[in-house]
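The chain contents come next:
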Amino acid sequence: MPIRQLPEDLINRIAAGEVVERPASVVKELVENSIDAGARRIVIATAGGGIDLIRITDDGHGMDRTDLLLSVERHATSKLSADDLDDIRTLGFRGEALASIGSVARLTVASRPADAESGLIITVDNGRRSGPVPQAMNRGTVIEVRDIFALIPARRKFLKSARSETAAITDVVKRLAMANPEIHFILEGSDRNPSNWPAVTGEGALAARLGQVMGGDFIDNAVPLAMARHGVVVAGLAGLPTYTRANSLSQFYFVNGRSVRDKVLVGAIRAAYADYVFRDRFPVVALYLAVDPGAVDVNVHPAKAELRFQDQGAIRGAVIRAIGTALAAAGFKASTSVAEDILGAFTAPEMAEAPAPVYEPATGFNDAPRATSYSYRAEAAPLYLDRAPGRLSGFTAPSGRVETVIEPAEPVDYPLGTARAQMFDNYIIAQSDKGLLLVDQHAAHERLVYERFKAQMASGPVASQAQLIPVIVELPEEDCARLEEAAPELERFGLYLDRFGPRAIAVRETPALLGNTDISGLVGDLADGLAEWDSTAALSDRMEAIIGRMACHGSVRSGRRLRVDEMNALLRDMEATPHSGQCIHGRPTYVELKKGDIERLFGRSR
């Protein structure tokens with residue numbers, strides 16, 4: 001078959017397949033054009049998930065007759081003044097959007113510049129153009145797209161349901177609104193509940209817009225990002241490690257005002273939160289990067305959602321550093337959502353009907369009138385308190401679970417309060433001037449030991465303490481072989497091992513930070529880790545995992561009863577240690593119930 005030139009309408013339909021994937025991609029292209037046109041108010045209306053109708057109304061600069069005619073032609077754009085693809089400072093630049101949309105749908109474009117007496121309207125019906133003709137309208141541009149893929153059933157059948165397409169459009173507009181807080185966005189239509197995001201300007205505009213779109217709960221549980229590094233400016237908000245989601249849909253990335261999907265940024269977020277978040281949980285992040293336009297290629301795909309960075313290492317380092325610094329500044333802060341979950345778990349007991357009073361006549365030795373006494377027969381045994389000067393000790397409930405109760409001392413303004421009791425041999429009850437705190441002593445101390453390990457590793461080998469008599473740990477031969485091979489690397493962590501026969505390891509020194517730890521359990525745990533990683537050469541890349549395993553074995557165990565001074569010392573260390581609001585596995589180390597929360601539990605406030 002000879003080579004032939006394809007007709008123009010078929011060329012446009014092929015090109016449209018890259019730009020017009022679904023109604024949401026149409027909305028994205030058209031709204032980006034409105035933003036580039038200087039609009040300050042954009043109204044998006046849809047019907048049938050955008051399949052039946054998409055209407056974009058803006059108050060931008062508008063177009064005269066010449067620009068309107070060129071706007072629906074392929075590769076016609078006002079965005080590249082110098083034909084330079086290395087310095088793109090607008091959202092659109094290819095000049096394909098309107099031509100592609102008009103080749104697969106019925107497109108009408110009405111526009112009026114500020115100095116024109118009336119507007120003009122042009123129509124492109126599946127590649128057939130008519131107009132322009134005069135149109136009465138306000139300044140700006142109104143674009144309508146109807147019946148997408150109506151004449152291309154092979155493409156239309158791959159569209160999802162109207163509800164799914166509506167949700168996709170909502171997500172696109174949310175991202176555009178998040179990237180442009182100075183623009184008023186309105187999203188409405190017969191297939192949705194309306195959304196209205198008024199423009200915000202001045203200091204705090206970005207946080208205010210994120211609050212409009214993502215909710216005030218995110219603002220309350222996020223820390224601001226502000227970092228300039230290697231020519232990269234990082235801004236936005238990063239959620240606390242205990243404020244997470246079950247998927248990554250609440251992670252938003254913007255580069256030079258453009259919403260993007262990029263593996264470098266996704267990997268940087270994962271690395272920044274690696275020490276703090278469960279593996280199956282995802283932090284909530286709105287990340288904004290400003291880079292030199294010449295250092296990033298946005299001309300990768302017609303949809304312009306993908307890009308390439310010239311220096312990926314610098315981008316990754318800047319993001320990790322910015323998030324790490326922000327989370328460190330947050331200190332011991334934990335998300336308020338943890339307390340909300342706890343409050344939701346509380347239920348008021350069912351109130352049983354009070355037993356009828358039992359009449360018990362008093363006994364005496366005379367026949368004089370006697371008073372009668374009434375009593376209730378209680379089912380549970382009473383509580384017994386042994387008083388000592390200045391405190392209550394030996395507090396024993398029937399369950400025996402509350403170990404220590406301390407009488408309130410003079411209030412001290414500590415963020416995590418002062419210890420009042422220990423429950424279940426693991427949970428510290430502390431009282432602050434704002435409310436009540438429950439602290440998981442094992443999880444909290446685990447984080448403290450972990451951070452101390454990291455600090456010592458940064459300054460040199462971890463200090464070790466010698467065992468008076470080496471501890472012999474019996475293990476399978478293959479585990480002993482792995483530990484013997486890893487022994488030189490493990491010395492960096494303060495752990496000194498020697499092979500002791502075919503099925504035993506001798507432990508000569510242990511990290512001083514761990515104190516009197518369970519050495520056999522620690523060595524066995526490390527052996528399991530080496531078997532899982534399946535490579536001794538990877539130990540240097542597993543530093544956090546090794547430190548985490550050691551910290552877990554060196555922390556205060558559940559079941560250990562603490563003295564009052566030990567509990568308060570733990571609270572003070574938490575206040576002074578970054579990231580102490582969550583353990584190394586991502587769980588919260590404490591829960592705070594405000595006084596108002598406690599009053600809600602008892603119906604004293606609403």
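Quick caveat: nothing in here was measured; it's all calculated off a predicted structure.

Participant: What should I look at first to understand the overall build of the protein in this one?
Facilitator: The helix and strand inventory of the protein stands at 17 helices and 29 strands. Scored against the burial criterion, the 606 residues of the protein give a buried share of 45%. Sequence separation of at least 24 residues holds for 66% of the intrachain contacts in the protein that already meet a minimum separation of 6. Approximately 31,500 Å² of the protein is accessible, and the part contributed by carbon and sulfur atoms is 52%.

Participant: Sorry, what's going on with helix α16 (residues 564–576) here?
Facilitator: In this model α16 runs 19 Å from its N-terminal to its C-terminal C-alpha over 13 residues, within 8% of the 18 Å that 1.5 Å per residue would give. Every buried residue of α16 is accounted for by M567, N568, L570, L571 and M574. End-on, the buried residues of α16 take up no more than an arc of 155 degrees, which puts them together on one face. On its buried face, α16 sits against β23 (418–423), β24 (427–431), β25 (435–440), α12 (441–459) and β29 (590–594).

Participant: For this particular structure, what's the right way to read the pattern of salt bridges?
Facilitator: Pairing between side chains of opposite charge can happen when the charged atoms of each approach one another. Tallied over the entire structure, the rule returns 21 salt bridges. The shortest N-O distance in the salt bridge between E144 and R146 comes to 3.3 Å. Between K594 and E592 there is a salt bridge, with the nearest N and O atoms lying 3.2 Å from each other. Through salt bridges with shared partners, a single network forms among R560, R563, D565 and E566.

Participant: Honestly, the packing of helix α6 (residues 162–179) against helix α7 (residues 205–214) in this entry has me stumped. Any pointers?
Facilitator: Any two packed helices are characterised by the angle at which their axes cross and by the distance between the axes. In contact at an axis separation of 9 Å, α6 and α7 are set at 165 degrees when each is read in the N-to-C sense. Relative to α7, the element α6 is oriented roughly antiparallel. The hand of the α6/α7 crossing is right-handed. On the side of α6, the interface is formed by K174, A177 and M178, while α7 contributes L206, R209, L210, V213 and M214. The residue inventory of the contact of α6 with α7, partitioned by class, reads six nonpolar, no polar and two charged.

Participant: Quick question: what am I supposed to make of the pairing of β24 here?
Facilitator: For a regular strand, side chains alternate in direction, first toward one face of the sheet and then toward the other. By the bridge criterion, five bridges tie β23 to β24 in an arrangement that is antiparallel. Counted as the bridge partner of T418 is Q431 from β24. In textbook terms, the turn of a hairpin is the stretch between consecutive antiparallel strands, and for β23 and β24 this stretch comprises three residues, one of which, F424, has a positive phi near 55 degrees. Strand direction decides the pairing type here: β24 and β25, joined by five bridges, are antiparallel. Residue pairing for β25: A430 is matched across the bridge by L437. Where β24 folds back on β25, the antiparallel hairpin that results is connected by three residues.

Participant: Help me out: how do you make sense of the sheet that holds strand β12 (residues 251–255) in this one?
Facilitator: Strand pairing within a sheet occurs via backbone hydrogen bonds; the two strands may be parallel or antiparallel. Overall, mixed pairing links the five strands, which are arranged β9-β10-β15-β12-β13 in an open sheet. Each edge of the sheet is formed by a strand with only one pairing partner; in this case those strands are β9 (222–229) and β13 (258–259). Where β12 lies against β13, two bridges are found, and the strand directions are antiparallel. Looking across to β13, one finds that V255 is bridged to R258. Seen against the sheet, α6 touches β12, β13 and β15 (285–290) and runs at an angle of roughly 55 degrees to β12. Against the sheet, helix α10 (residues 312–330) contacts β9, β10 (232–239) and β15, and its axis sits at roughly 135 degrees relative to β9.

Participant: Would you mind showing me how to read the environment of D433 here?
Facilitator: Within the secondary structure, D433 sits in the loop between β24 and β25. The spatial distance from the C-alpha of D433 to the C-alpha of T418 is 9.6 Å, given a sequence separation of 15 residues.

Participant: What is the right way to read the environment of D147 from this model?
Facilitator: Positionally, D147 belongs in the loop between β6 (140–146) and α5 (153–156). When its relative accessible area of 35% is taken as the criterion, D147 is described as partly exposed. Linking D147 and R106, residues 41 residues apart in sequence, is a C-alpha distance of 6.5 Å. Ignoring any residue separated from it by four or fewer positions in sequence, one finds D147 in contact with I51, D52, V104, A105 and R156.

Participant: In this structure, what is going on with the pairing of strand β5 (residues 128–135)? I would like to understand it.
Facilitator: Relative to β5, strand β4 (residues 119–125) runs antiparallel, the two sharing six bridges. When the bridges of β5 are listed, G119 appears paired with Q135. In textbook terms, the turn of a hairpin is the stretch between consecutive antiparallel strands, and for β4 and β5 this stretch comprises two residues, one of which, N126, has a positive phi near 50 degrees.

Participant: What am I meant to see in the environment of G102 here?
Facilitator: By the secondary structure assignment, G102 is in helix α4 (residues 97–104). Using a relative accessible area of 0% as the deciding quantity, one classes G102 as buried. Expressed as a C-alpha distance, the spacing of G102 and V124, which sit 22 residues apart in the sequence, is 5.2 Å. If near-sequence neighbours (up to four positions away) are discounted, G102 is found in contact with L107, V124, D125, N126 and G127.

Participant: Whenever I open this one, the sheet that holds strand β28 (residues 504–511) confuses me. Can you help?
Facilitator: Ordered in space as β26-β28-β27, the three strands form an open sheet in which the pairing is antiparallel. With partners counted over all chains shown, the strands left at the sheet margins are β26 (464–474) and β27 (496–499), one partner each. Across the sheet, the axes of successive neighbouring strands diverge by a mean angle of 20 degrees, strand direction being ignored. Relative to β28, β26 runs antiparallel, the two being bridged by seven bridges. Within β28, the position partnered with A466 by the bridge is E509.

Participant: It is not clear to me how the packing of aromatic side chains should be interpreted in this structure. Could you clarify?
Facilitator: Aromatic ring pairs are defined here through the distance separating the ring centres and the angle between the ring planes. As enumerated under the stated definition, the model contains two aromatic pairs in all. Relative to Y243, the ring of F218 has its centre 6.4 Å away and its plane inclined at 35 degrees; by these criteria the two rings are tilted. Here F218, found in helix α8 (residues 216–220), pairs with Y243, found in the loop between β10 and β11 (244–245); they are 25 residues apart in sequence, far enough to count as distant. Just as F218 is buried, Y243 falls in that class too. Ring plane angle 15 degrees and centroid distance 4.6 Å describe the contact between F254 and Y288, whose orientation is recorded as stacked. Of this pair, F254 sits in strand β12 while Y288 sits in strand β15, and the two are 34 residues apart along the sequence. By relative accessible area, F254 is classed as buried at 1%.

Participant: When you look at the packing of α12 against α16 in this model, what are you seeing that I'm missing?
Facilitator: The geometry of α12 relative to α16 is characterised by a closest axis approach of 10 Å and an angle of 50 degrees between their N-to-C directions. Here α12 is positioned oblique relative to α16, judged by the angle of their axes. Judged by the twist between their axes, the crossing of α12 over α16 is left-handed. Facing α12, whose interface residues are Q441, A444, H445, L448 and R452, α16 presents L570, D573 and M574. Residues of the contact of α12 with α16, tallied by class, amount to four nonpolar, two polar and two charged.

What counts, and at which threshold
- The written sequence of each chain sets the order in which its residues are numbered from 1.
- Owing to the predicted nature of the model, reporting of local features is limited to residues with pLDDT of at least 70; listing and counting of side-chain atom pairs is limited to 80 or more, with chain, interface and lining totals taken over all residues.
- Water and hydrogen atoms were dropped before computing side-chain values, which therefore reflect all heavy atoms in the structure.
- Helix and strand assignments come from DSSP, with helices taken as H or I runs of at least 4 residues and strands as E runs of at least 2, each series counted from the N terminus.
- Burial status follows relative accessibility: with a 1.4 Å probe on protein chains alone, a residue under 20% of its type maximum counts as buried, one over 50% as exposed, and anything between as partly exposed.
- Contact criterion: two residues are considered in contact whenever any of their non-hydrogen atoms come within 4.5 Å of each other.
- Here the open area of atoms and residues is found with the Shrake-Rupley method and a 1.4 Å probe, where only the protein chains shown may cover a residue.
- In this analysis, the expected span of each helix is defined as 1.5 Å times one less than the number of residues it contains.
- Taken from the helix axis, the directions to the C-beta atoms give the arc we talk about.
- Think of a salt bridge as a Lys or Arg side-chain nitrogen and an Asp or Glu carboxyl oxygen that are within 4 Å of each other.
- Lines fitted to the C-alpha atoms define the axes, with helices restricted to the stretch that makes contact. Angles between their N-to-C directions range from 0 to 180 degrees.
- Here roughly perpendicular refers to angles of 65 to 115 degrees, roughly parallel to angles under 35, roughly antiparallel to angles over 145, and oblique to all remaining angles.
- Each crossing is labelled by how the near helix is turned from the far one, with a counterclockwise turn of less than a right angle marking it left-handed and a clockwise turn marking it right-handed.
- Gly is put with the polar residues, along with every residue not named as nonpolar or charged; the nonpolar set is Ala, Val, Leu, Ile, Met, Phe, Trp, Tyr, Cys and Pro, and the charged set is Asp, Glu, Lys and Arg.
- Two strands pair if DSSP finds at least two bridges between them.
- Two aromatic rings, drawn from Phe, Tyr or Trp (for Trp, its six-membered ring), form a pair once their centres lie within 6.5 Å of each other, and the interplanar angle then sorts them: stacked below 30 degrees, edge-to-face above 60, tilted otherwise.

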